[in-house]
Structures are given as structure tokens and as C-alpha cells.
Amino acid sequence: MSEQTPLTADWGGPYVLAATFCERVLIEQNGLSSIIRLVQRINIAGSGTVQVRIALVIQLAAGKATGKQTLTIVQQLPSGLTGGSRPLTCSLKRMNASPPSF
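Everything in this summary refers to the structure shown in the same document. (Residues numbered from 1 in each chain as written. Predicted model: local features only at pLDDT ≥ 70, side-chain atom pairs only at ≥ 80, totals over all residues. Heavy atoms only, no water.)

1. Points about the overall build of the protein
From N to C terminus, the protein includes zero helices and five strands. Put simply, the protein runs from its N terminus to its C terminus through helices and strands in the order β-β-β-β-β. In the protein, which comprises 102 residues, the share counted as buried stands at 10%. Put simply, of all contacts in the protein between residues at least 6 apart along the chain, 51% involve residues at least 24 apart. Approximately 9000 Å² of the protein is accessible, and the part contributed by carbon and sulfur atoms is 53%. (Helix = DSSP H or I, 4+ residues; strand = E, 2+ residues; numbered from the N terminus. Buried < 20%, exposed > 50% of the residue type's maximum accessible area, 1.4 Å probe, protein only. Contact = heavy atoms within 4.5 Å. Areas by Shrake-Rupley, 256 points an atom, 1.4 Å probe, with all protein chains shown as cover.)

2. Regarding unusual backbone geometry
The phi angle at Arg37 is positive, at roughly 55 degrees, despite the residue not being glycine. Positionally, Arg37 belongs in strand β2 (residues 33–39).

3. Looking at the sheet that holds strand β1 (residues 15–27)
Reading across from one edge, β2-β1-β3 is the order of the three strands in this open sheet, with antiparallel pairing throughout. Of all the strands in the sheet, the pair left with one neighbour each is β2 and β3 (55–61). In this sheet, adjacent strand axes meet at a mean angle of 60 degrees when their direction is disregarded. Two strands pair when backbone bridges link them, and β1 and β3 are joined in this way by seven bridges, in the antiparallel orientation. Pairing of Ala19 across the sheet is with Ile58, part of β3. (Pairing = 2+ DSSP bridges. Axes fitted to C-alpha atoms, helices over the stretch in contact; angles between N-to-C directions.)

4. Comments concerning the pattern of salt bridges
Going through the model one piece at a time under the given rule, you end up with two salt bridges. A salt bridge links Arg24 to Glu23; the shortest N-O distance between them is 3.4 Å. On the accessibility criterion, Arg24 (44% relative accessible area) is partly exposed. Looking at Glu23, the relative accessible area reads 36%, which means it is partly exposed. Across the salt bridge formed by Arg37 and Glu23, the nearest N and O atoms sit 3.3 Å from each other. Placement of the pair is Arg37 in strand β2 and Glu23 in strand β1, with a sequence separation of 14 residues. Residue Arg37 is classed as exposed on the basis of its relative accessible area of 58%. The network of salt bridges with shared partners includes Glu23, Arg24 and Arg37. (Salt bridge = Lys/Arg side-chain N within 4 Å of Asp/Glu carboxyl O.)

5. Observations regarding the pairing of β1
For a regular strand, side-chain orientation follows a simple rule: the groups alternate between the two sheet faces. In this structure, β1 lies alongside β2, joined through six bridges in antiparallel fashion. Counterpart to Val25 in the pairing with β2 is Ile35. In this antiparallel pair of consecutive strands, β1 and β2, the connection spans five residues, and Gly31 shows a positive phi of 90 degrees.

Nothing here speaks to function; it is all geometry.
This is the structure in C-alpha cells:
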């Protein structure tokens, strides 16, 4: 079990690299992910119950916040009211690689 780095005011992470809704996520054989069809807005006409299938992708970089951490997703309506929340446990590792150059 990895040791958790305590979070303080100067903890240096984790950092959000990406957070988006999409139609689908493909996990390639080499372990890389492809985010398919980003969703920016959902328009629903009429009344009644509608089911919408979308995925939430959150990519984090650990920084100094290594080990098991809890990420909580909270629903917020356009009116500002908050709905349910969902805590998720993730395991963060510090990567010793330089960022990609373009």
C-alpha cells in the first residue's frame, strides 16, 4: 500500500489536466485513451424522462499529492442547486517524465 502525502496549503497537486464530458472513451491496446465526441451542451425538447449516456473524463497529474486520494463529483443544476455527490478513490503516482513537446 502506498503512503498518502498529506494535503496542505502548499501541497502542489493534484492538478487537473482535463475534465470533459464525451460520448465515448476508447482505451487503446497501448494503454492510451481516446476521447470521442466532446459534449458541450445537451438540448432536450418536450417533457418527460430522457436518458442520456455520456462519460465524464477527468485526467489528473499528481504533483506532490501522491498515494490514495478522494475525488468528489458534485452535481450542480443550471439554477445553482446541488444534487447528489459521488466520492471516488484514485491512486496518484508522481511521473518522472518531462512534458511532451510539440
